[in-house]
Amino acid sequence: MYACAKIASPLSRALVSRQNQIVRPISTAFTNTRTQETTPCSTVATMNSAAPLSVLASQIRSFQTSVSRRDIDQAAKYIGAGAATVGAAGSGAGIGSVFGSLVIGYARNPSLKQQLFSYAILGFAMSEAMGLFCLMMAFLLLYAF
């Protein structure tokens with residue numbers, strides 16, 4: 001890995017940054033709204049030797065997001081987090097079902113109390129784990145992205 005990095009690093013540096021030349025990223029070909037004669041395939045290899053500062057400023061501005069775009073992203077995060085927390089309700093229903101079955105099983109055969117209780121704790125742990133995974137996904141959607 002280190003040997004590959006020693007070879008690839010100078011090559012990539014030579015391709016990307018040449019003196020007095022600017023490589024235009026391919027994403028600007030799709031996001032730039034101005035009409036140009038270049039195609040997306042030719043913009044990767046195109047190097048402008050005397051690129052004015054206004055061209056660079058327009059490329060930088062094309063990557064910034066607008067206020068409405070950020071609001072849409074924030075709303076999508078809240079909707080996704082709300083949808084992920086639905087699993088916590090299923091976890092509550094599963095826990096109720098497990099302990100309801102424990103009571104019914106204990107009422108039918110009291111001599112199996114210890115074995116039924118160990119099965120109930122196992123079912124409780126599995127159901128609770130699924131609820132915690134749903135809650136973890138909700139927090140990841142809200143705070144990690």
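Residues numbered from 1 in each chain as written. Predicted model: local features only at pLDDT ≥ 70, side-chain atom pairs only at ≥ 80, totals over all residues. Heavy atoms only, no water.

Digging into the overall build of the protein
Then, number 1: Within the protein, the secondary structure is distributed over seven helices and two strands.
Then, number 2: Helices (α) and strands (β) of the protein occur, in sequence order from the N terminus, as α-β-α-α-β-α-α-α-α.
Then, number 3: A burial count over the protein gives 12% of its 145 residues as buried.
Then, number 4: Partitioning the contacts of the protein with sequence separation of at least 6, the portion at a separation of at least 24 is 65%. (Helix = DSSP H or I, 4+ residues; strand = E, 2+ residues; numbered from the N terminus. Buried < 20%, exposed > 50% of the residue type's maximum accessible area, 1.4 Å probe, protein only. Contact = heavy atoms within 4.5 Å.)

Describing helix 7 (residues 113–143)
Then, number 1: Given a rise of 1.5 Å per residue, 31 residues ought to cover 45 Å, and the 44 Å separating the end C-alpha atoms of helix 7 matches this to within 8%.
Then, number 2: Restricting attention to buried positions, one finds in helix 7 the residues Ala120, Ser127, Gly131, Cys134 and Ala138.
Then, number 3: In this fold, the buried residues of helix 7 make contact with helix 5 (67–84) and helix 6 (86–108). (Expected span 1.5 Å × (residues − 1).)

A short note on the UniProt feature "transmembrane region" (unreviewed entry) in the protein
Then, number 1: When the UniProt feature table is mapped to this numbering, "transmembrane region" (unreviewed entry) covers residues 78–104 and 116–143.
Then, number 2: Its end C-alpha atoms 40 Å apart, residues 78–104 is made of 96% helix and 0% strand.
Then, number 3: For residues 116–143, the end-to-end C-alpha separation is 40 Å, with 100% helix and 0% strand making up the annotated structure. (UniProt positions renumbered as here; feature names shortened; annotations may be inferred.)

Here we look at helix 6
Then, number 1: Over its 23 residues, helix 6 extends 34 Å from the first C-alpha to the last, a length consistent with the 33 Å expected when each residue adds 1.5 Å.
Then, number 2: Taken together, the buried positions of helix 6 are occupied by Ser91, Ile95, Leu102 and Gly105.
Then, number 3: On its buried side, helix 6 packs onto helix 7.

A word on the environment of Leu102
Then, number 1: Among the secondary structure elements, Leu102 is positioned in helix 6.
Then, number 2: In this structure, the C-alpha to C-alpha distance between Leu102 and Phe117, residues 15 residues apart in sequence, is 6.9 Å.
Then, number 3: Setting aside residues no more than four positions away along its own chain, Leu102 makes contact with Leu116, Phe117 and Ala120.

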